[in-house]
Amino acid sequence: MDTAQSHQPTDGDFGWSLAVLLRAYHSSVSALGEFPHGPRGYMTLAAVVSGDHPSQLALAGHLSIDRTVMTYLIDDLVKAGLVERRVDTADRRQRKIVATEDGLRSFKDLARRVREAEDKVLGVLDPAERDTFRSLLYRVACDVRHIEPATDPCDVAEDELHERPARGR
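Predicted, not measured: the structure shown is a model, and the values here were computed from it.

*Asks:* Could you clarify how one ought to interpret unusual backbone geometry in this entry?
*Replies:* What you tend to see is this: most non-glycine residues have negative phi, and most peptide bonds are trans. Located in the positive-phi region is His 37, a residue other than glycine, with phi close to 70°. Along the chain, His 37 turns up in the loop between helix H2 (14–28) and helix H3 (38–50). Even without a glycine there, the phi angle at Ser 64 is positive, about 60°.

*Asks:* Help me understand the confidence of the model for the protein chain in this model?
*Replies:* Should the pLDDT be low somewhere, the predicted coordinates at that spot are not to be read in detail. Scored by pLDDT, the protein chain comes out at a mean of 82, with 78% of its residues at no less than 70. Mean pLDDT in the protein chain bottoms out at helix H1 (residues 3–6), which sits at 51, and peaks at helix H5 (residues 67–79), which reaches 95. Below a pLDDT of 50 lies the segment residues 164–169, which in the model reaches 6 contacts outside its immediate sequence neighbourhood of four places, other chains included.

*Asks:* Help me out: how do you make sense of helix H4 (residues 56–63) in this one?
*Replies:* An α-helical turn contains 3.6 residues, so any two residues separated by three or four positions project in the same direction. Listed in full, the buried residues belonging to H4 are Gln 56, Leu 59, Ala 60 and Leu 63. Buried residues of H4, viewed axially, fall in a sector of 100°; they line one side. Ser 64 sits one or two residues past H4 and shows a positive phi near 60°.

Rules and cut-offs
- Residues numbered from 1 in each chain as written.
- Predicted model: local features only at pLDDT ≥ 70, side-chain atom pairs only at ≥ 80, totals over all residues.
- Heavy atoms only, no water.
- Helix = DSSP H or I, 4+ residues; strand = E, 2+ residues; numbered from the N terminus.
- pLDDT = per-residue confidence, 0-100.
- Contact = heavy atoms within 4.5 Å.
- Buried < 20%, exposed > 50% of the residue type's maximum accessible area, 1.4 Å probe, protein only.
- Arc of directions from axis to C-beta.

Have a look at this one:
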């Protein structure tokens with residue numbers, strides 16, 4: 001039996017497909033460059049820009065990031081001038097994380113570059129299929145994220161990228 005043939009994934013090998021897609025995505029999102037905390041920092045800024053989370057703790061819960069890690073992450077985004085902590089007028093004990101003008105500009109530029117990188121990874125699909133794929137993926141992710149809420153999605157991605165050797169290399 002040909003050993004190369006025996007190790008080929010089947011069309012339905014979901015785990016292999018996700019791992020390959022994740023590796024390709026991770027390597028193509030070099031658009032983040034020196035952004036504080038890389039993809040995790042970008043994901044946080046995106047949630048700040050697009051969401052209305054009443055506190056840093058709520059933001060951490062939304063992103064499934066440990067609250068102590070979130071503190072350091074927000075500290076670094078504040079130092080970079082991308083976000084700031086503001087007293088929540090509804091509850092003065094809470095600090096709401098809001099994007100600064102520089103943060104909004106940075107986000108718009110990074111979001112465009114990330115989208116271009118995603119389009120390259122998904123290049124085999126036409127634009128309508130990409131939109132459908134993104135929509136379905138988002139729907140599944142929103143459903144399953146509650147299964148293991150204590151797990152940071154970025155940690156899972158990093159573990160997957162570093163623990164499995166790339167196939168075909």
